[in-house]
Each structure stands twice: as C-alpha cells, then as structure tokens.
Amino acid sequence: MTFRRELWLIALLTLIAFALRMADLTARSLWLDESFTLLRIQGAWAEMFANTVWRQGILTTDLNPPLYFALLKVWASFAGLSEFALKSFSAFWAVIVVPLTFVLARSLFGRRVAMLAAVLALLCPAYQWYAAELRMYTMMAALGALSTLLVFRAAKGRGGALAGWLVVTALALFTHFSFISLALAQAVILLMALLPKLRAMMRRRAFWLGLALVGAGVAGVAILGNATLQRGVQLAQLALSNPSGRGTPALGFVNEIIGATVFGMNAGDPTGGWLNALFASLVAMGVVLPLSRRFLLARIRLAVIVVLPVAFWLVLSLLLENQASFRYVIFIVPALHGLMAQGVVVLAGALRPARWPRMAVAGLALIALLAASLHGLGYAFARTPTFQDDWRAFGDYLRQSWRAGDALVINLNTPEAVMPYVIGDAPLPIIPIRDWIEKPVDLQKEIARFSRIWYANIGGNGGYPNAPAQNVLSPYLLKSRIAFPARTTAIELLQYDIHPQVLAAVPATAAVASDAPADGTAIAGFAFAPGNPYHRNANFALSLFWRRGEDDLDNRAVTMRLMHAGEVWLDWTFDAALGAHPEAWTKDALYRMDYLIPVPPGLPAVSYELELLSRAGDKGDVVQRVAQALPQDALACCVRVAQANTNDVWRAGDVTLAIAEFAGAAKPGQALPVALTWRPARGDTAAWQTELRVEGLLGGVVVSTQRDAGLAEFLPSQWPANELVRDQYALQIPFRAAPGLYRLSLARWRNGVAVDGASLGLIRIEDYPRAPAATNPQHALNARAGEIALLGYSVKGDFERGKTTDVFTHWRVEAAPARDGVLFVHVIGPDGKLASQDDNPPLTRDGPRSTLTFRAGDGIDQRHRIDLKPDLPAGEYTLYAGIYDREGGARWPAQQDGAPALNDLVKLGVFTLP
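A brief structural summary. (Residues numbered from 1 in each chain as written. Predicted model: local features only at pLDDT ≥ 70, side-chain atom pairs only at ≥ 80, totals over all residues. Heavy atoms only, no water.)

Turning our attention to the overall build of the protein chain. The number of helices and strands found in the protein chain is 23 helices and 36 strands. In terms of overall dimensions, the protein chain has C-alpha extents of about 120 × 80 × 70 Å along its principal axes. By the burial criterion, 49% of the 914 residues in the protein chain qualify as buried. If you take every contact in the protein chain between residues at least 6 apart in sequence, the share linking residues at least 24 apart comes to 70%. For the protein chain, the exposed surface amounts to about 41,700 Å²; the carbon and sulfur share of it is 59%. Across the protein chain, the centroid of the 82 positively charged side chains sits 18 Å from that of the 72 negatively charged ones. (Helix = DSSP H or I, 4+ residues; strand = E, 2+ residues; numbered from the N terminus. Buried < 20%, exposed > 50% of the residue type's maximum accessible area, 1.4 Å probe, protein only. Contact = heavy atoms within 4.5 Å. Areas by Shrake-Rupley, 256 points an atom, 1.4 Å probe, with all protein chains shown as cover. Lys, Arg positive; Asp, Glu negative; His and termini not counted. Charge placed at Lys NZ, Arg CZ, Asp CG, Glu CD.)

In structure tokens, the structure reads:
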C-alpha cells in the first residue's frame with residue numbers, strides 16, 4: 001500500500017468519524033457534571049484557573065484542572081453557546097483520535113494493524129458517547145494517543161519527541177489529574193530506554209535545559225493549580241489516615257474497561273462476559289504473540305502503557321471513596337485498540353502453515369470484534385431507560401405546563417446552568433431552595449408571590465436538602481409528583497398549588513345546565529382562556545368549576561369534544577386531577593381547575609358543538625354530559641395559529657399543503673382518517689374538490705373519497721392568507737381489502753378537471769391476527785348463530801346482586817360471515833323481563849372488530865360484563881346468547897343441539913338469586 005493510498009484511507013476514516021460524531025450530537029440532555037462545565041466557562045478567567053466555581057451562590061473548589069474549560073471557553077467565543085456548538089468541541093477530539101490511533105499503531109506494528117486499529121477507534125462506542133458530553137474525556141483519549149506516540153519516539157532517542165512529550169504531558173495533566181497514572185507509565189518506558197544513555201546525556205547542555213523546563217513546568221502547575229493541589233493534598237492525607245479499605249475488584253475493573261472500549265456506555269456484553277474475555281484475550285495475544293522478537297519492545301511498552309494505569313487506580317481505590325472507573329483510564333484506549341488489532345493480525349499468522357484454519361479463527365475473531373463494536377455503537381444512539389438524565393423532558397414539561405405566577409425551586413443536586421437550556425424563554429423564576437432555608441426571609445410572604453411552585457426533588461427524598469425543602473412547602477397543596485428518566489440520579493418534579501381557587505358561586509359567564517348526577521361531583525361551569533405560548537402545540541386553557549358531591553374523587557377523567565356538522569374536530573380525554581384537593585373544598589363548594597387542551601393546528605373558524613363528558617371509575621363510565629353550542633368566535637381569543645415549518649408536504653400555485661396527517665396502517669373495515677392542513681397564498685382562493693385515494697403500488701384504486709375542500713361555512717375563499725386551515729377526511733377501508741402496502745394520493749379538481757395532485761405517502765393494510773378457538777370451555781354447548789358456532793361459555797365468579805360478573809362466550813367461525821354482527825348475552829328474570837345484558841361487536845386485543853373481518857377457523861372469546869342491580873327479585877334467572885345485525889338489529893338464525901333455537905336465542909344456563 002503506497003503512502004498516498006494510506007493517506008486517502010485515513011482521511012476517509014476521519015471524515016466518516018466526523019459524520020458519526022456529529023450525528024445526533026444533542027440527543028442526550030446536558031446533565032449535572034456538564035452543568036459544572038457550563039459554570040466553569042461562564043465564570044471569570046481568574047476563577048477558572050483557580051479551579052473555583054460558584055454553585056447556587058456557594059464558592060466551590062472543582063478538582064478538575066482548567067485546560068479543557070479554558071479551551072472550551074475560547075471555542076465558545078467563536079462557535080457560540082448552543083448545545084450543538086459546545087458539544088462539537090468534545091466531538092472534535094473524538095474525531096482526531098482516529099488518525100492519532102492510526103499513526104500510533106502504524107509506527108509500532110505496520111499498516112495492517114494500524115488500519116484495523118483506526119477502524120476500531122472509528123467504531124468505538126465510548127468515543128461516540130463522550131463526544132456528546134461537555135467533559136474532557138475525549139480530549140484525554142486524544143492526548144493519550146499523542147503522548148504515547150511521542151514517548152515511543154523519545155525512547156528511540158529523538159530529542160524533539162522528548163520535548164513534545166513533556167509539553168503534551170503537561171497539557172494532559174492540566175486536563176485531568178488522572179493522567180498522572182499514564183505519565184508514570186510513560187516515565188517508566190523512558191527510564192528503561194534512556195537510563196543507559198543518561199551519563200552521556202548529562203554532559204549535554206540540552207539535557208539541563210530540558211530539566212529546567214520540566215522544573216518550570218512543575219512550578220507552573222503548582223502555581224496555577226494551587227487551590228486544586230492544596231485540596232488534593234488534603235484529600236490524600238485524609239485517604240492515607242483513614243483509607244476506605246474497600247478497593248475495586250481487579251477482574252471487575254478490567255471487565256469494565258474492555259466492555260466500555262468495545263460495547264460502550266449504553267450497552268453490555270450480551271453473552272454475560274464471554275465476549276469481554278475474548279477481547280481481553282486478543283489484547284493479551286497482541287502483547288505475547290508472535291513469540292519471536294518481532295515488535296517485542298513495542299509490545300512490552302504498550303503493555304506497560306495499559307497495565308500500570310490500571311494497577312495505579314486499583315491501588316488508589318483502596319484509599320479513596322471514589323472508586324476506579326473507566327473514564328479515569330480512557331487514555332489507554334488507543335493502546336488497547338492497537339493491541340487488539342495486533343492480536344487479530346498476529347492470530348491470522350500464528351497457525352502456519354494451516355492456512356484455512358488460520359483464516360477461519362482470525363476471521364471469527366475479527367467478525368466478533370467488529371460486530372460487538374457496531375452493536376455498542378448502535379446503542380450509543382439508542383434511547384434505553386438509562387440513556388440519560390433527561391433534563392430536556394423535565395424542561396419541556398415545565399414549558400408546556402407553564403402558567404403566569406409559576407416558579408421553579410431547585411435543590412443543590414439540580415444542574416442550575418442547564419436550566420436555561422431546557423426551559424428556554426419561558427418566564428419561570430428559578431429559586432435555589434437554600435435561599436429559603438438558610439437565609440432570613442419571610443417565607444409566607446415570599447411563597448405567596450406565586451400561584452404555583454414546582455420543586456425539583458432531585459436525588460430522591462433523601463437528597464440534599466429535600467427534607468427541609470418539603471417541610472417548607474408542606475403547608476401547601478401537593479397536586480402531583482412527576483418522575484423523569486434518569487441514569488445517575490432520581491429526577492422528580494413536585495407541583496404545589498399555593499392559592500387553590502375554592503369559590504362560593506360560578507361566574508355568570510361560566511354557568512352551564514347539564515344532567516348533573518344527584519349528590520355527585522359535577523361540572524357546574526366552564527370557561528376558556530388563552531393557552532400556553534411556550535407549548536410545542538397550539539392550545540387553549542379550559543377552566544372547569546367542579547361542585548363537590550359525596551362520591552369518590554379518584555379515577556375521575558374528562559373527555560372534551562368539539563364537533564361540527566356531526567364530525568369530531570377535537571377529542572381529548574384528560575385526568576380531572578381531583579384526588580389532591582384543598583381542605584376548604586367541601587360538599588356543594590366549587591373548586592376551579594385549569595387544564596391545557598392541545599388543539600389541531602389550523603382549526604377552522606366555525607361554530608362548534610362542545611361536549612364535556614365527566615367520567616368515573618376504572619371503566620371510565622360517563623356520569624355527566626355537558627353539551628353546549630359555541631359561537632364562532634368562542635375560541636378565537638384562545639387558539640394560537642401554529643405556523644408550519646419549512647418542510648411543507650407539497651406546494652401548488654395558490655395553496656400549500658403544510659401538513660398531511662394520516663395513520664401509517666389500518667385494518668379492513670376500519671376508517672383511515674386523513675387531516676390536510678393547508679396554507680393559502682392569498683385570501684380569495686378559488687374553491688376546489690379534494691380527492692383522496694388508496695391505490696395499489698402498481699395501480700388499482702382500493703377506496704377513494706371526494707368532496708369540496710373546507711367546510712360549507714368556511715370555504716377556501718374565506719381562508720386567511722398565509723394562515724393554517726385544517727381539512728379532515730376519512731377513507732373507509734373495505735372489509736375485503738387484501739393486506740399489503742398501498743399508496744395514499746391526493747388530487748385537486750375544478751369543474752370536473754384534475755388540476756394537480758401529489759403522493760402523500762405509503763400506508764399498510766394489515767390483516768387481523770388469527771386466533772384459535774377455545775378447546776375446553778367451562779360449559780360446553782352445541783349451538784351456532786349464522787356462520788359462527790357457539791362452543792360454550794365460562795363464568796368467572798358467582799352471580800350476586802349489586803355485583804358485576806364476567807361471562808365469556810366461546811365461538812368458532814365456520815365460514816366467513818356475510819353480515820356485521822353484535823354478540824350478546826341477555827339475562828331474563830323470573831318475570832320474563834330483561835334483567836341485564838351486554839351487547840358488543842367482537843372484542844379482541846386489537847379492539848372492536850366487525851364479524852366481516854373473520855375467516856373460517858378463527859376463534860372468538862367474548863367477554864360480557866353482567867351487572868345485576870341490587871333490587872332484583874329472588875328467583876331463577878336464565879342466560880341467553882346470540883348475534884344480531886349491527887344495522888337493523890335482526891337476529892341471526894340460531895340453532896341449538898341441531899334444532900332451531902326459540903327466538904334465535906341460545907340458552908346458556910340458569911342461576912338463582914336467593
């Protein structure tokens with residue numbers, strides 16, 4: 001391979017590394033450690049070099065040296081302070097470590113090993129992980145590769161390399177003090193190489209000049225890092241006088257290092273450690289093999305580079321509480337990659353002359369190594385439950401829940417410098433709790449300034465200073481506790497309502513008439529208000545005035561619907577959140593609750609029918625229905641106009657299709673809703689007819705619908721220019737549609753002529769899963785209704801007054817039904833009247849289905865919930881089952897034991913109420 005070809009290949013690998021490191025760079029939230037980085041670069045230069053940082057008003061010593069932060073601060077002055085700009089600094093070091101690894105391995109083992117080592121560095125999931133973190137670990141890896149390269153050259157007697165090694169080592173020590181373990185290993189290599197030449201070197205002036213430079217460097221470190229060194233000495237004295245005595249298990253530490261190198265920080269060895277053992281063996285082979293003197297000195301020196309830092313931290317773990325960790329030795333990863341690559345290459349040549357076994361063993365080792373690296377690299381992008389401390393979700397929740405008068409109170413474990421990044425421009429005051437519990441303030445007066453307080457309960461209830469904080473806030477109404485995904489600590493948000501709105505009467509403009517339940521908690525009024533401008537979706541605020549009854553307040557929900565001309569434009573169900581309520585809310589008193597309702601972008605400006613359904617219990621039974629006509633301008637003040645982004649779906653001359661929403665899949669018999677959100681170019685757009693089609697990939701229309709665009713009260717000619725307008729459609733997928741992939745297309749027509757059109761995307765028509773028929777019903781039967789055989793039934797529990805009993809009917813489809821049916825169980829009392837019933841279409845795991853979607857051999861296990869009223873008379877009750885048409889209600893012809901069933905009712909059994 002020529003030098004030019006090597007150069008092109010390493011350039012290509014570096015470009016690929018750049019693309020990988022920049023991909024999804026801001027996927028993970030900034031977290032607590034990165035908050036310290038932000039505080040360091042936001043502070044003064046003098047504080048940075050003194051290693052001090054102000055954390056919530058507390059002057060704190062940060063043990064990490066200042067070089068990374070100083071360089072990042074300079075970088076930020078050019079690149080900016082956005083998350084992407086700041087994280088790209090760490091990504092830069094994670095990119096250049098790839099060519100540095102190549103050069104290091106090339107100088108020791110040759111081009112084949114170097115190329116494989118560079119590929120391993122490219123795929124290294126640990127580099128990928130730390131490339132997206134505002135910490136110094138990728139810089140440590142790059143400096144580790146560079147200093148190792150220089151120390152190897154210095155060991156060969158190259159004076160310039162020795163000076164370079166001294167400079168890089170000083171820079172590395174100013175990056176992270178853990179680098180001292182690598183510097184000691186490299187010093188051992190230098191002593192082994194230069195000791196025989198020491199007497200001759202001492203006669204040279206350059207030796208003493210270099211020694212003076214080293215002394216000056218040590219003095220500089222002592223002066224610039226004075227605070228950190230003093231703190232380090234204090235910690236060392238404390239550790240020596242009172243060692244932890246625990247220590248880190250050596251095998252566990254080695255397993256962590258190998259696992260992090262190959263599988264990364266978000267994945268592990270799926271074989272339980274066998275692959276980690278294999279890769280550790282490759283490192284050992286890279287040191288031991290070949291048994292000849294070829295590369296022997298380089299292999300021994302690399303072994304020193306790897307082993308001594310690991311041993312250093314194992315010994316130190318006997319003294320320090322802070323246990324040894326992979327990130328403290330990340331600078332040995334370039335050496336590990338070089339040894340792994342050498343192990344694979346030497347393995348390929350270790351079994352001569354048996355060529356095929358040699359190639360097979362080496363090939364399997366290489367495949368395992370690359371597959372494991374790719375597996376770990378993939379998981380570096382995967383959102384696992386422990387992917388991050390999700391402060392972005394924390395901030396999004398606060399932004400989307402914001403109301404005027406809110407405040408965020410944080411504890412010491414909350415990364416204060418991260419909060420502006422995740423909360424953004426929402427005007428939410430951020431108050432450290434220590435300002436309330438450690439300073440002389442009038443707490444009642446201070447807290448009364450706010451309507452709601454969000455408390456960041458970070459670290460769990462035992463975190464500092466959560467107990468005093470919750471004691472301060474305990475007099476106020478705790479409405480909710482919300483937990484967020486976390487990797488290193490518990491993230492919890494507590495909402496306190498400071499001024500609950502308990503009223504004596506409903507405002508006149510909010511009163512409603514409804515079928516409120518007697519003695520039950522009911523909606524006595526509602527009102528609309530402008531929504532949250534910081535929410536990612538258009539929204540409005542809905543205030544409900546609840547009148548207190550005597551019923552249970554848990555498991556309460558509300559469904560809000562906006563309908564126009566029989567079509568639903570908004571259907572939203574939300575938790576009523578009445579379980580936590582103020583003590584003053586007693587029977588017949590009113591309690592105002594505010595809810596945020598997201599609305600579809602471009603909701604047409606027409607009059608709507610409002611429907612509010614109050615639901616209670618586990619089944620969500622409707623206990624109250626409020627229906628009221630809203631005037632056309634009722635929501636005009638409250639719904640924000642959502643501006644479409646630049647990723648428009650399709651543009652025509654007079655209108656733009658900004659958003660096309662449709663389900664990606666539908667089953668036969670289901671409706672495929674399609675919502676088109678338009679943005680007209682002018683305010684007098686000519687009317688058109690919209691046609692939507694579901695077509696086969698090679699042609700053939702499965703279903704289509706066509707109608708005038710917009711609503712009769714809100715035609716395109718009335719649409720405001722450059723504002724979004726929503727237009728809803730529904731395509732009914734035929735029952736006999738074949739499963740497969742189809743195209744959804746749009747066409748516009750004017751005066752019977754197609755004007756233009758577009759393809760909206762692909763949808764799947766999915767088949768229903770096959771379900772086997774029951775083989776052992778509790779009570780077997782020989783009956784059928786139409787094309788479906790009734791095999792028997794089962795009863796769960798006993799029939800009792802005032803209780804719900806589950807009855808299961810077990811069916812088998814004998815032939816594809818030709819009608820859409822409803823399965824029922826009726827209970828006939830001793831007086832011959834209907835005592836209870838449960839009628840539903842077939843219910844499966846996919847929800848309600850039409851009988852038209854079943855095929856011969858399918859089984860149906862239908863659950864019927866039989867409610868028996870408390871006042872039912874004593875006597876004998878009979879269970880009947882059957883099927884009737886969903887349209888029209890005609891019962892399907894039924895047979896039982898070979899004879900026609902009376903009134904097409906199949907008799908199941910009898911039970912007695914005492």
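Considering the arrangement of structural elements, one finds Thr-809 in strand E27 (residues 804-813). Polar side-chain contacts of Thr-809 include one of 2.9 Å to the side chain of His-864. Apart from the residues lying within four places of it in its own chain, the contact partners of Thr-809 are Leu-790, Gly-792, Tyr-793, Val-825, Ile-860, Asp-861, Gln-862, His-864, Ala-881 and Leu-908. (Polar contact = N/O pair within 3.5 Å; in protein donor to acceptor, adjacent residues only side chain to side chain.)

For the rest of this paragraph, the subject is the sheet that holds strand E25 (residues 779-785). With antiparallel pairing, the 6 strands of this open sheet are ordered in space as E32-E27-E26-E25-E34-E35. Of all the strands in the sheet, just strand E32 (859-867) and strand E35 (899-900) have a single pairing partner and so form its edges. (Pairing = 2+ DSSP bridges.)

The subject of this paragraph is the packing of aromatic side chains. Overall, the coordinates contain 28 aromatic pairs when judged by the stated rule. Aromatic pair Phe-528 and Phe-540: ring centres 5.3 Å apart, planes at 85°, arrangement edge-to-face. Of this pair, Phe-528 sits in strand E9 (residues 522-530) while Phe-540 sits in strand E10 (residues 539-547), and the two are 12 residues apart along the sequence. Consider the rings of Trp-688 and Trp-719, whose centres lie 5.7 Å apart with planes at 90°: the pair is edge-to-face. With Trp-688 in the loop between strand E19 (671-680) and strand E20 (689-696) and Trp-719 in the loop between strand E21 (701-708) and strand E22 (725-732), the pair connects residues that are 31 residues apart, well separated along the chain. For Arg-28, the ring lying beneath its charged end belongs to Trp-129, and the centroid distance is 3.7 Å. The ring centre of Tyr-729 lies 3.9 Å from the NZ or CZ of Arg-707, which sits over that ring. (Phe/Tyr/Trp six-rings, centres within 6.5 Å; stacked < 30°, edge-to-face > 60°. Lys NZ or Arg CZ within 6 Å of the ring centre and 35° of its normal.)

On to the pattern of salt bridges. Scanning the entire structure with this criterion turns up 39 salt bridges. Residue Lys-439 pairs with Asp-435 through a salt bridge whose shortest N-O separation is 3.2 Å. A relative accessible area of 22% means that Asp-435 is categorised as partly exposed. A salt bridge links Asp-588 to Lys-587; the nearest nitrogen and oxygen atoms lie 3.7 Å apart. Overall, the relative accessible area of 45% leaves Asp-588 in the partly exposed class. Of the residues examined, Lys-587 reaches a relative accessible area of 38% and is grouped as partly exposed. By sharing partners, the salt bridges in this structure join Arg-561, Asp-571, Glu-611 and Arg-625 into a single network. (Salt bridge = Lys/Arg side-chain N within 4 Å of Asp/Glu carboxyl O.)

The next thing to look at is the pairing of strand E11 (residues 556-564). Across the 9 residues of E11, 7 count as buried, placing the element largely inside the fold. Inspection of the sheet shows E11 paired to strand E14 (residues 608-616) by 8 bridges, in the antiparallel sense. Its bridge partner being in E14, Arg-561 is matched across the sheet by Glu-611. As paired elements, E11 and strand E12 (residues 567-575) share 8 bridges and run antiparallel to each other. In the sheet register, Arg-561 faces E12, and the bridge partner there is Asp-571.

For the rest of this paragraph, the subject is the sheet that holds strand E36 (residues 906-913). Ordered by their spatial adjacency, 4 strands build an open sheet running E29-E28-E33-E36, and the pairing between neighbours is antiparallel. Each edge of the sheet is formed by a strand with only one pairing partner; in this case those strands are strand E29 (834-840) and E36. With direction set aside, neighbouring strand axes in the sheet form an average angle of 20°. By the bridge criterion, 6 bridges tie strand E28 (residues 821-828) to E29 in an arrangement that is antiparallel. If you follow His-826 over to E29, its bridge partner there is Gln-837. (Axes fitted to C-alpha atoms, helices over the stretch in contact; angles between N-to-C directions.)

Once that is clear, we can look at the packing of helix H16 (residues 296-316) against helix H17 (residues 333-348). When two helices pack together, their arrangement is given by the angle between the helix axes and by the axis-to-axis distance. Running from N to C, H16 and H17 cross one another at 135°; their axes reach a closest spacing of 9 Å. Of the possible angle classes, the one that applies to H16 and H17 is oblique. Relative to H17, H16 is oriented so that their crossing is left-handed. Along its contact with H16, which presents Arg-299, Leu-302, Ile-305 and Val-306, the element H17 presents Ala-335, Leu-336, Leu-339 and Gln-342. Among the residues making up the contact of H16 with H17, the classes are represented as 6 nonpolar, 1 polar and 1 charged. (Parallel < 35°, antiparallel > 145°, perpendicular 65-115°, else oblique. Left-handed = near helix turned anticlockwise from the far one by under 90°. Nonpolar A, V, L, I, M, F, W, Y, C, P; charged D, E, K, R; others polar.)

We now examine the packing of helix H2 (residues 32-42) against helix H4 (residues 67-79). Running from N to C, H2 and H4 point in directions that differ by 65°, and their axes come no closer than 9 Å. One way to sum up the angle between H2 and H4 is to call them roughly perpendicular. Crossing angle aside, the handedness with which H2 passes H4 is right-handed. Where H2 abuts H4, its residues Thr-37, Arg-40 and Ile-41 lie against Tyr-68, Phe-69, Leu-72 and Lys-73.

Quick look at helix H23 (residues 466-473) now. Of all the residues in H23, the buried ones are Asn-466, Ala-469, Gln-470, Val-472 and Leu-473. Each buried residue of H23 lies within a common arc of 155° when the element is viewed along its axis, so the set occupies one face. Exposed residues on H23 whose side chains face more than 90 degrees from its buried face are Ala-467 and Asn-471. (Arc of directions from axis to C-beta.)

Within the secondary structure, Gln-128 is located in helix H7 (residues 125-131). Its relative accessible area of 5% is what places Gln-128 among the buried residues. Of note is the side chain of Gln-128, whose polar atom sits 2.8 Å from the side chain of Arg-21. Each residue touching Gln-128, except ones within four places of it in the same chain, is listed here: Leu-20, Arg-21, Ala-23, Leu-377, Ala-380 and Phe-381.

Moving on, we get to the nonpolar core. Ranked by size, the top nonpolar core spans 138 residues in total, and within it Phe-279, Trp-391, Phe-394 and Leu-408 carry the most contacts. It is helix H5 (residues 83-109) that contributes the most residues to this core, 14 residues altogether. In this view, Phe-279 contacts Ile-258, Val-262, Phe-263, Met-340, Ala-368, Leu-369 and Ala-372; residues no more than four positions away in its chain are not counted. (Core = buried A, V, L, I, M, F, W, Y, C linked by side-chain atoms within 4.5 Å.)

Helix length check: helix H6 (residues 111-123), at 13 residues, gives a terminal C-alpha distance of 18 Å against a target of 18 Å (1.5 Å per residue), a fit within 8%. H6 sits mainly inside the fold: 10 of its 13 residues count as buried. (Expected span 1.5 Å × (residues − 1).)

Moving on, we come to unusual backbone geometry. Geometrically, the link from Leu-289 to Pro-290 is a cis peptide bond, its omega value of 0° lying close to zero. Topologically, Pro-290 is positioned in the loop between helix H15 (274-288) and H16. At Gln-56, a position not held by glycine, the phi torsion is positive, near 50°. With respect to the helices and strands, Gln-56 occurs in the loop between strand E1 (52-55) and strand E2 (58-61). Positive phi values are uncommon outside glycine, yet Ala-565 reaches one of about 50°. Looking at the element boundaries, Ala-565 is found in the loop between E11 and E12. Look at Ala-565 and you get exposed, because its relative accessible area is 76%.

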